[in-house]
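# A look at the structure
For reference, the chains in residue letters:
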Amino acid sequence: MELNNKKWTDDEFYGVRKQILNTWETGKGVADLEKNIEYAKSVPDHKNFAKKMEKAKNEGITLAQPRAGVALLDKHIELLRYLQDDGGADLLPSTIDAYTRLNRYDECEVGIEESRKVGRSLLNGFPGVNHGVEGCRRVLEAVNVPLEARHGTPDARLLTEIIHAAGWTSNEGGGISYNIPYAKSVSIERTIKDWQYCDRLVGIYEEAGVSINREPFGPLTGTIVPPSTSNAVAIVEALMAAEQGVKSITVGYGQCGNLIQDVAAIRALQSQCDEYLRNNGYNDCVVTTVFHQWMGGFPADEAKAFGVISNGSATAALAGATKVIVKTPHEAIGIPTKEANCEGIKTTKMTLNLLQGQQLPMSEQLKTEIAIIKAETKCMIDKLFEIGKGDLAIGAVKGFDMGVIDIPFAPSKYNFGKMMPARDNNGAVRYLKFGNIPFTKELKDYNVKKLEERGKFEGREVGFQMTVDDIFAVGKGRLVGRPE
Amino acid sequence: MGNENGKTIVIGVIGSDCHAVGNKIIDYVLTENGFKVINVGVISPQEDFINAAVETNADAIIVSSLYGHGEIDCRGMRDKCKEAGIGDILLYVGGNIVVGKQKWEDVHERFQSMGFDRVYPPGTPIEHTMVEMKEDLKIN
């Protein structure tokens, strides 16, 4: 099948589907798509992700969602109920383990078995494929809020079949955002096709009357990614999802740390995504936003970590994001206990409650920042359309090869890897090295000027050492990595 | 730049782990400090580290793991080194090498008994590891 950004035909979809369901034994359990849709229809509205997100957007509320997942079914249910009942999570996740993300289901079996033996989870998430549709339905039935699969899987086709059949009404990921930050040697052509499948499946559910939400993964590598880079990827994935029939799209952004820039990023993302969808003929999509609390290195000191969490929550509220993804005080050391996870949610919700109804008012600074982000984003997306001769999927494959969009610190060999970011003197993330990103001279000059201000203030050359210092700065207790 | 002190270090991120940021920084800092760095990158099985070490006659292997599966991924690595004829190579491991917050003494002992010469807790800067590595490799 040749890659292009066209809605799959039934022949294409059901042809691939047959193979996919045979890749692991639990695939058999989801073979009857009509029955799956029937089950999904029985999920009540308050447990429907798309509906809850749309309602929150209309009411101007920011919802809080943790990350969480462990190896064993009963333990996973216990964890989610705790986060719902004690933490007050508005939306629940099932974070999927790293073996599943690489389709290594036999290694998941080892992890499940050993976790049972030693009485603690040896997997870093919930192996949804191994637990199958029955297990995943038990999870949904045990909770009282919508459920989303959160992972990082380049080929999530079987997982996607299983979770939607189980009534989970949101799936995170996309052909770029679940490849470049998560894989080393999977081509973008491959992952775009595999995510077209996932999106087409959602389209089929939508056509049958079941609303399902899709969320491109906003933060990418989570390491000082300039807002326009992540916004461009989010919008491209939103457009490709809409083509396959997706109607509920949540575009995401990972906190960079400068308040004005973060608010600008979310506002630019919402309005620019709406614009691109409309201009490409997708008129009935509901676009919402997700703000990820700081995704980079955290302070090990838990009190300091709560500071980072509160700060991210405040920014999410002031930006007007529809939901916020919550970090925990254990972030610096890895996967949190359920108690630590719960504390993260409570901190977040308290901050959101205090700021409910307030948004950062427009100012000259905010206006400038929104304009810069939109202009930079437009340069990248329009170039993809141009080199794809109007086809965004083809343009995206070529564009990554050429460095039109270039994601910093990505493990994938399909990423160009010549762009480098650094913070300016106010902590906003700018482009330090442009690589092949097709910015206008004005945009390049603006970035250079901003970084030179910092260089002058710190009395050092603008260069990669700034980037390295910035990566560790928050962990050490400040936003900008000043020379020691 | 690179190889001014004559020592070769293999680095990488083990298992199904795709955390690339620390890996790129370790590469940068060690190279800046005169080491020859062979970087097998993320999502690397034990064999990739060991093959690279054999091919380049490396002095040490630094295994990183950030995602929690380190305990499963690192088992048997010392034996595989022995089989490959580099049984005495310095073997370091660091990162968030187990799932969740556990008592560090226990984790340290678990990995030492797997044959790792040095085991580093979460958040150890590469500069710290480098000082101890210079001691172990007798570099001034």
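Each value, and the rule that gives it
Residues numbered from 1 in each chain as written. Chains lettered and ligands numbered in written order. Predicted model: local features only at pLDDT ≥ 70, side-chain atom pairs only at ≥ 80, totals over all residues. Heavy atoms only, no water. Helix = DSSP H or I, 4+ residues; strand = E, 2+ residues; numbered from the N terminus. Rg over C-alpha atoms; globule rule 2.2 N^0.38 Å. Buried < 20%, exposed > 50% of the residue type's maximum accessible area, 1.4 Å probe, protein only. Contact = heavy atoms within 4.5 Å. Lys, Arg positive; Asp, Glu negative; His and termini not counted. Charge placed at Lys NZ, Arg CZ, Asp CG, Glu CD. Salt bridge = Lys/Arg side-chain N within 4 Å of Asp/Glu carboxyl O. UniProt positions renumbered as here; feature names shortened; annotations may be inferred. Buried area = accessible area lost by both parts, 1.4 Å probe. Polar contact = N/O pair within 3.5 Å; in protein donor to acceptor, adjacent residues only side chain to side chain. Nonpolar A, V, L, I, M, F, W, Y, C, P; charged D, E, K, R; others polar. Axes fitted to C-alpha atoms, helices over the stretch in contact; angles between N-to-C directions. Parallel < 35°, antiparallel > 145°, perpendicular 65-115°, else oblique. Left-handed = near helix turned anticlockwise from the far one by under 90°. Phe/Tyr/Trp six-rings, centres within 6.5 Å; stacked < 30°, edge-to-face > 60°. Lys NZ or Arg CZ within 6 Å of the ring centre and 35° of its normal. Pairing = 2+ DSSP bridges.

### Overview of the overall build of chain A
- Looking only at helices and strands, chain A has 17 helices and ten strands in total.
- Relative to a compact globule of 484 residues, whose C-alpha radius of gyration would be 23 Å, chain A shows 21 Å and is just as compact.
- Across its three principal directions, the C-alpha atoms of chain A cover 65 × 50 × 40 Å.
- Considering chain A as a whole, with its 484 residues, one finds that 65% of them fall into the buried category.
- Of the contacts formed within chain A by residues at least 6 apart in sequence, a portion of 74% connects residues at least 24 apart.
- Charged side chains in chain A number 59 positive and 63 negative. The centres of these two groups are separated by 2 Å.

### Digging into the pattern of salt bridges
All names here are of chain A.
- The final tally for this structure, using the stated rule, is 42 salt bridges over all chains.
- For the salt bridge of Arg104 with Glu107, the shortest nitrogen-to-oxygen distance reads 4.0 Å.
- Overall, Glu107 belongs to the partly exposed group, its relative accessible area being 29%.
- Linking Arg430 and Asp424 is a salt bridge whose minimum nitrogen-to-oxygen distance equals 2.9 Å. The pair formed by Arg430 and Asp424 is uniform in burial state, with each residue classed as buried.

### Overview of the UniProt feature "domain: B12-binding" (unreviewed entry) in chain B
- Using the residue numbers shown here, the UniProt feature "domain: B12-binding" (unreviewed entry) corresponds to residues 6–140 of chain B.
- With 41% helix and 19% strand, the stretch residues 6–140 of chain B has end C-alpha atoms that lie 12 Å from each other.

### Overview of the UniProt feature "binding site: adenosylcob(III)alamin" (unreviewed entry) in chain A
All names here are of chain A.
- Using the residue numbers shown here, the UniProt feature "binding site: adenosylcob(III)alamin" (unreviewed entry) corresponds to Gly69, Asn124, Pro181, Phe298, Lys327, Glu331 and Ile335.
- With respect to the helices, strands and loops of the structure, Gly69 is situated in the loop between strand E1 (63–65) and helix H4 (73–85).
- Apart from residues no more than four positions distant in its own chain, Gly69 is found in contact with His76, Leu79, Thr95, Asn124, Gly125 and Phe126.
- Residue position: Phe298 is located in the loop between strand E7 (286–292) and helix H12 (302–319).
- Here Phe298 is in contact with Ala305, Val308, Ile309, Lys327, Thr328, Glu331, Ala332 and Gly475, once residues within four sequence places are set aside.

### Focus on the interface of chain A and chain B
- Opposite the 30 residues of chain A that make contact, chain B presents 26 residues.
- Here chain A and chain B share an interface that buries about 2,500 Å² over both sides, 61% of which is from carbon and sulfur atoms.
- Summed over the three residues of chain A that lose the most area to chain B, namely Tyr99, Lys184 and Ile333 of chain A, the buried surface amounts to 23% of that side.
- Inspection of the chain A/chain B interface yields three salt bridges.
- Glu302 of chain A is the partner of Lys101 of chain B in a salt bridge, and the nearest nitrogen-oxygen pair spans 2.6 Å.
- The tally of links from chain A across to chain B stands at twelve residue pairs in polar contact (both at pLDDT 80 or more).
- Elements with a contribution of two residues or more to the side of chain A that touches chain B: helix H5 (98–101) and helix H17 (464–476) of chain A.
- Counting residues per element, the side of chain A that touches chain B draws most heavily on H17 of chain A, which supplies five residues.
- In the side of chain A that touches chain B, the residues fall into 18 nonpolar, six polar and six charged.

### Quick notes on the packing of H12 of chain A against helix H13 (residues 338–355) of chain A
All names here are of chain A.
- At their nearest, the axes of H12 and H13 sit 9 Å apart, and the two run at 40° to each other. If you check the angle between H12 and H13, you find them oblique. Between H12 and H13 the crossing geometry is right-handed. From H12, Phe306, Ile309, Ser310, Ser313, Ala314, Ala317 and Leu318 reach across to H13, where they touch Glu343, Gly344, Thr347, Thr348, Thr351, Leu352 and Leu355.

### Topic: the side chain of Lys193 of chain A
- Relative to the assigned elements, Lys193 of chain A resides in helix H9 (residues 188–207).
- It turns out Lys193 of chain A is buried and unbridged, and the closest side chain with the opposite charge, Glu189 of chain A, is 4.2 Å from it.

### As for the packing of aromatic side chains
Residue and element names in this part refer to chain A.
- Applying the stated rule across the entire model yields 16 aromatic pairs over all chains.
- Between Phe126 and Trp168, the aromatic rings sit 6.2 Å apart at their centres with planes inclined by 35°, giving tilted as the arrangement. One end of the pair, Phe126, is in the loop between helix H6 (105–118) and helix H7 (128–142); the other, Trp168, is in the loop between helix H8 (157–165) and strand E4 (170–172), and 42 residues separate them in sequence.
- Measuring from centroid to centroid gives 6.2 Å for Phe434 and Phe439, while their planes differ by 75°, and the two rings are edge-to-face.
- Accessibility expressed as a relative area gives 13% for Phe434, which makes it buried.
- Classification of Phe439 as buried rests on a relative accessible area of 8%.
- Each member of the aromatic cluster is reached from another via a ring pair, and the members are Trp8, Phe13, Tyr14 and Tyr197.
- Arg137 extends its terminal NZ or CZ atom over the ring of Tyr39, reaching a point 3.9 Å from the ring centre.

### As for the sheet that holds strand E2 (residues 92–95) of chain A
Residues and elements named next belong to chain A.
- With parallel pairing, eight strands are arranged side by side in an open sheet as E1-E8-E7-E6-E5-E4-E3-E2. Bordering the open sheet on either side are E1 and E2, each of which pairs with just one other strand. Sheet twist, expressed as the average angle between the axes of neighbouring strands with direction ignored, equals 25°.
- Pairing of E4 with strand E5 (residues 213–215) involves three bridges; the strand directions are parallel. Residue pairing in the sheet places Glu172 in a bridge with Glu215 of E5.

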